[in-house]
Amino acid sequence: MLKKTPRTSTEDIRRQLAERIISSELAPGTVLDETQLAAEFTVSRTPIREALKQLAASGLVDQKPHARTVVAKPDEDKLAGMFELMGHLEALCAGMSALRMTAPERDQLDTLHGEMAAIVSAGARQAYIQANERFHGAIYRGSHNPYLEEITLSTRQRLQPFRRAQFSTLGRLARSHAEHGLILEAILRGNQMEAERTMHAHITLVENAYHRLVGG
């Protein structure tokens, strides 16, 4: 007796589409056609429709009645507000990490920063993007505040396509790594105010790099 191929669940579809959006494989403004997606995932349109509703609830796609579903592209005011909030959330994480990170966590962050220097030297953009996420994620966890970590990760996910775009600008890998160095130094010294200041400045520069790229 032949085994039936497991059906792709709504959650699987939502997760895969979210990953494509966050990685910029699906750029802001891309139309998400239910019929095409149903064919790709070999399912009916029902789980596709539900997955898109969940993505809309998280802000990753825009859905309007009787209109196409598209990868979200926030207007400039909304995007500026998102970056503003991101700056405050990440600064709060960095400040708490300066006070609360354990010695092993500090060592791991320091080691990761050192490994990223080689990535910068090699000009390996995709590898740096992945390491950059681990660097920031370690600081979120280092705050030892699970709820703060959760909402910071959620906001980062929403901004991810725009944050990643910065690395297409000339020299951004090296500048990002240098900015990380200042944040790391403050955290290792346990300087809460300096950790907050340097992280907030870093996120502001991330936003500025994105706007230079798109000509804003």
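What you are looking at is a predicted structure, and each value in this text was computed from that prediction instead of being measured.

Trainee: For the nonpolar core, give the residues involved together with the corresponding values.
Mentor: Grouped together as the largest cluster of nonpolar side chains are 36 residues, with contacts concentrated most on Phe-83, Leu-109, Tyr-128, Ile-139, Leu-159 and Ile-187. Those residues within four positions of Ile-139 in sequence are excluded, and the remaining contacts are Cys-93, Ala-94, Ser-97, Met-101, Leu-109, Ile-183, Ile-187 and Met-199.

Trainee: Any chance you could break down the environment of Asn-191 for me, citing the residues and the numbers?
Mentor: Mapped onto the fold, Asn-191 is located in the loop between helix 8 (172-188) and helix 9 (192-214). Under the relative-accessibility criterion, Asn-191 is labelled partly exposed at 27%. The sequence separation of Asn-191 and Asp-75 amounts to 116 residues, and the corresponding C-alpha distance is 36 Å.

Trainee: Quick one: what's the story with the confidence of the model for the protein, residue by residue and with numbers?
Mentor: Averaged over all residues, the pLDDT of the protein equals 88, while 93% of them reach at least 70. Low pLDDT, under 50, characterises residues 1-6; the stretch is placed with zero contacts to residues that sit more than four places away or in other chains.

Trainee: Give a description of empty space enclosed by the protein that names residues and reports values.
Mentor: On inspection of all chains with the given rule, the structure shows one cavity of 30 Å³ or more. By volume, the largest cavity amounts to about 40 Å³. If you trace the largest cavity, you find it lined by Ile-129, Asn-132, Glu-133, Arg-156, Gln-160, Arg-163, Arg-164, Gln-166 and Phe-167. Of all the secondary-structure elements, those providing two or more residues to the lining of the largest cavity are helix 6 (125-142) and helix 7 (146-165). Ranked by the residues each element gives to the lining of the largest cavity, the list is headed by helix 7, at four residues.

Trainee: Please set out unusual backbone geometry residue by residue, giving values where relevant.
Mentor: Even without glycine at this site, Thr-42 takes up a positive phi of about 55 degrees. Position of Thr-42 among the secondary structure elements: in the loop between helix 2 (34-41) and helix 3 (45-58). A relative accessible area of 66% places Thr-42 in the exposed class. Look at His-144: it is not a glycine, yet its phi comes out positive at around 55 degrees. Looking at the element boundaries, His-144 is found in the loop between helix 6 and helix 7.

Trainee: If you had to explain the side chain of Glu-179 to someone new, which residues and values would you point to?
Mentor: Relative to the helices and strands, Glu-179 is located in helix 8. The class of Glu-179 is buried, set by a relative accessible area of 12%. With near-sequence residues (within four places) excluded, Glu-179 lies in contact with Arg-172, His-202 and Leu-205.

Trainee: Give a description of the side chain of Arg-172 that names residues and reports values.
Mentor: Looking at the secondary structure, you find Arg-172 in helix 8. Judged by relative accessible area, Arg-172 falls into the buried class, the value being 1%. Ignoring sequence-local partners within four residues, the contact set of Arg-172 consists of Gln-166, Phe-167, Glu-179, His-202, Leu-205, Val-206 and Ala-209.

Trainee: Can you lay out the sheet that holds strand 1 (residues 31-32) for me, pointing to particular residues and giving the numbers?
Mentor: The strand order 1-3-2 describes an open sheet built from three strands, whose pairing is antiparallel. Two strands bound the open sheet, and with one partner strand each, they are strand 1 and strand 2 (61-62). Bridge analysis of strand 1 against strand 3 (residues 69-71) gives two bridges, and the strand direction is antiparallel. Paired with Val-31 across the two strands is Val-70, which belongs to strand 3.

Trainee: How would you summarise helix 3 if you had to cite specific residues and measurements?
Mentor: Helix length check: helix 3, at 14 residues, gives a terminal C-alpha distance of 20 Å against a target of 20 Å (1.5 Å per residue), a fit within 8%. Along helix 3, the residues classified as buried are Pro-47, Ile-48, Ala-51, Leu-52 and Leu-55. The arc that holds the buried residues of helix 3, viewed along the axis, is 135 degrees, so those residues lie on one side. What points out from helix 3, more than 90 degrees from its buried face, is the exposed set Thr-46 and Ala-57. Buried positions along helix 3 lie against helix 1 (10-22), strand 1, helix 2, strand 2 and strand 3. Just downstream of helix 3, Gly-59 is the residue with a positive phi angle, here 90 degrees.

Definitions and limits used
- In this convention, every chain numbers its residues from 1, walking through the sequence in written order.
- In keeping with the model being predicted, local features are shown solely for residues with a pLDDT of at least 70 and side-chain atom pairs are shown and tallied solely at 80 or more, while totals for entire chains, interfaces and linings include all residues.
- Side-chain measures here rest on the full set of heavy atoms in the structure, leaving out hydrogens and waters.
- By nonpolar core we mean a set of buried residues, namely Ala, Val, Leu, Ile, Met, Phe, Trp, Tyr and Cys, connected to one another through side-chain atoms within 4.5 Å.
- Burial classes follow relative accessibility: with a 1.4 Å probe on protein chains only, a residue under 20% of its type's maximum area counts as buried, one over 50% as exposed, and anything between as partly exposed.
- For this analysis, residues touch if any pair of their heavy atoms sits within 4.5 Å.
- Numbered from the N terminus, helices here are DSSP runs of H or I no shorter than four residues, and strands are runs of E no shorter than two.
- The pLDDT score gives, residue by residue, the confidence of the prediction method on a 0 to 100 scale.
- Definitions used throughout: a 1 Å grid over protein atoms alone; a cavity as a set of points that fits a 1.4 Å probe which cannot get out; a pocket as an open set with protein on both sides within 12 Å along at least five of seven lines; a lining residue as one with an atom within 4 Å of a point.
- Grid points are joined across faces, edges and corners, and a volume is the space filled by probe spheres set on the points.
- Two strands are counted as paired when DSSP detects at least two bridges linking them.
- What a helix is expected to span follows from its residue count: subtract one and scale by 1.5 Å.
- Here the arc refers to the directions that run from the helix axis out to each C-beta atom.

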